[in-house]
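An overview of the molecular structure
Each chain is listed here by its residues.
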Amino acid sequence: MRVLIVDDEEPARSRLRRMLEAVAGVEVVGEAGDGHEALRQVEVLQPELLLLDIRMPGLDGLTLAQRYTDLPPLIFVTAYDEHAVQAFEVNAVDYLLKPVRPERLAAAMERARQRQLATRESVSRALEAVRPAGASTRVVTSTPGAIRFFDARDITRFWAADKYTLFQADGAEQVTEESLSALEERLRGLGFLRVHRGELVHMGSIKALRTVEGSFAVELRDGQVARVSRRLLSAVKEGLGLSGAPG
């Protein structure tokens, strides 16, 4: 499990890193000193779990979790116990009080791993239950009273929203529980490419690559616009045959 440590105190980050080194299957991919830096690190490093302090200068940990609902799962690590209820309202995996004991941290990491496995298995079982053999282009949605099927070849863009993935079809916004990463892997052969942490687009549907005030986006043939991250810009340009174009 790839972990990002977010705490404004360097000694606290160092102590967590040392304890995590003793937990099997855990890789600390980076550290951040505040919420704004954490957002940048999430974009670049793609961690699977955040260890997040609450009281930090600038953007604090609780506000970060409440405002940015597409963050990876998180465990709060704080010296204050009065925020526990709010922490679990944002679906935190656990709430650890400083100073954290190694055995308590290990238990929290195991809980995070079990949640990760349960989520993957749940999605996999649901998809297998409704996907006929060979239906590799089929995208499934489920609403009260109906399970609907869409052909990915008729879709130009998927984007992440909270724990779901959205797309446009039949003139409306549709919701699937299949993750963006799973769709990326399954639909790569159809020409879909991840252009942002929260955006997957069909490369053949792109009609323009835009730059506005230093930010990048692609315009699709159906009028939708998808963000492009700087980290993935070179792959997008290569997919469009623009690998030699200036940034």
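Residues numbered from 1 in each chain as written. Predicted model: local features only at pLDDT ≥ 70, side-chain atom pairs only at ≥ 80, totals over all residues. Heavy atoms only, no water.

Comments concerning the environment of Ala169
Relative to the assigned elements, Ala169 resides in strand β9 (residues 164-169). Take Ala169: its relative accessible area is 12%, and that puts it in the buried class. Along the primary structure Ala169 and Asp151 are separated by 18 residues, whereas in three dimensions their C-alpha atoms are 9.4 Å apart. Aside from chain neighbours lying at most four places away, what touches Ala169 is Phe150 and Gln174. (Helix = DSSP H or I, 4+ residues; strand = E, 2+ residues; numbered from the N terminus. Buried < 20%, exposed > 50% of the residue type's maximum accessible area, 1.4 Å probe, protein only. Contact = heavy atoms within 4.5 Å.)

A short note on helix α2 (residues 35-45)
Within α2, burial applies to Gly35, Ala38, Gln41, Val42 and Glu43. On its buried face, α2 is in contact with β1 (2-6), β2 (27-32), β3 (49-52), α3 (61-67), β11 (192-196) and α7 (230-239). Near the N-terminus of α2, the side chain that reaches the backbone nitrogen of His36, with its oxygen 3.0 Å away, is that of Asp34. Gln46 sits one or two residues past α2 and shows a positive phi near 55 degrees. (Polar contact = N/O pair within 3.5 Å; in protein donor to acceptor, adjacent residues only side chain to side chain.)

Examining the sheet that holds β3
Overall, parallel pairing links the five strands, which are arranged β2-β1-β3-β4-β5 in an open sheet. Every other strand in the sheet has two partners, leaving β2 and β5 (94-97) as the edge strands with one partner each. If you compare each strand with its neighbour and ignore which way they point, the axes differ by 20 degrees on average. Direction of pairing for β1 relative to β2: parallel, over a ladder of five bridges. Note that in β2 the partner of Arg2 across the bridge is Glu27. Helix-sheet contacts for helix α1 (residues 10-20) involve β1, β2, β3 and β4 (74-78), and the interaxial angle to β2 is about 175 degrees. (Pairing = 2+ DSSP bridges. Axes fitted to C-alpha atoms, helices over the stretch in contact; angles between N-to-C directions.)

Things to note about the packing of aromatic side chains
The description of two aromatic rings rests on the distance between their centres and on the angle between their planes. Under the defined criterion, the tally for this structure stands at four aromatic pairs. Relative to Phe167, the ring of Phe150 has its centre 5.3 Å away and its plane inclined at 75 degrees; by these criteria the two rings are edge-to-face. One end of the pair, Phe150, is in strand β7 (residues 146-151); the other, Phe167, is in strand β9, and 17 residues separate them in sequence. A single burial state applies to Phe150 and to Phe167, both of which are buried. Chaining the aromatic ring pairs together yields one cluster made of Phe150, Phe158, Phe167 and Phe192. Sitting above the plane of the Tyr80 ring, Arg55 keeps its charged end 3.7 Å from the centroid. Here the basic side chain of Arg138 rests over the ring of Phe149, its NZ or CZ set 4.9 Å away from the ring centre. (Phe/Tyr/Trp six-rings, centres within 6.5 Å; stacked < 30°, edge-to-face > 60°. Lys NZ or Arg CZ within 6 Å of the ring centre and 35° of its normal.)

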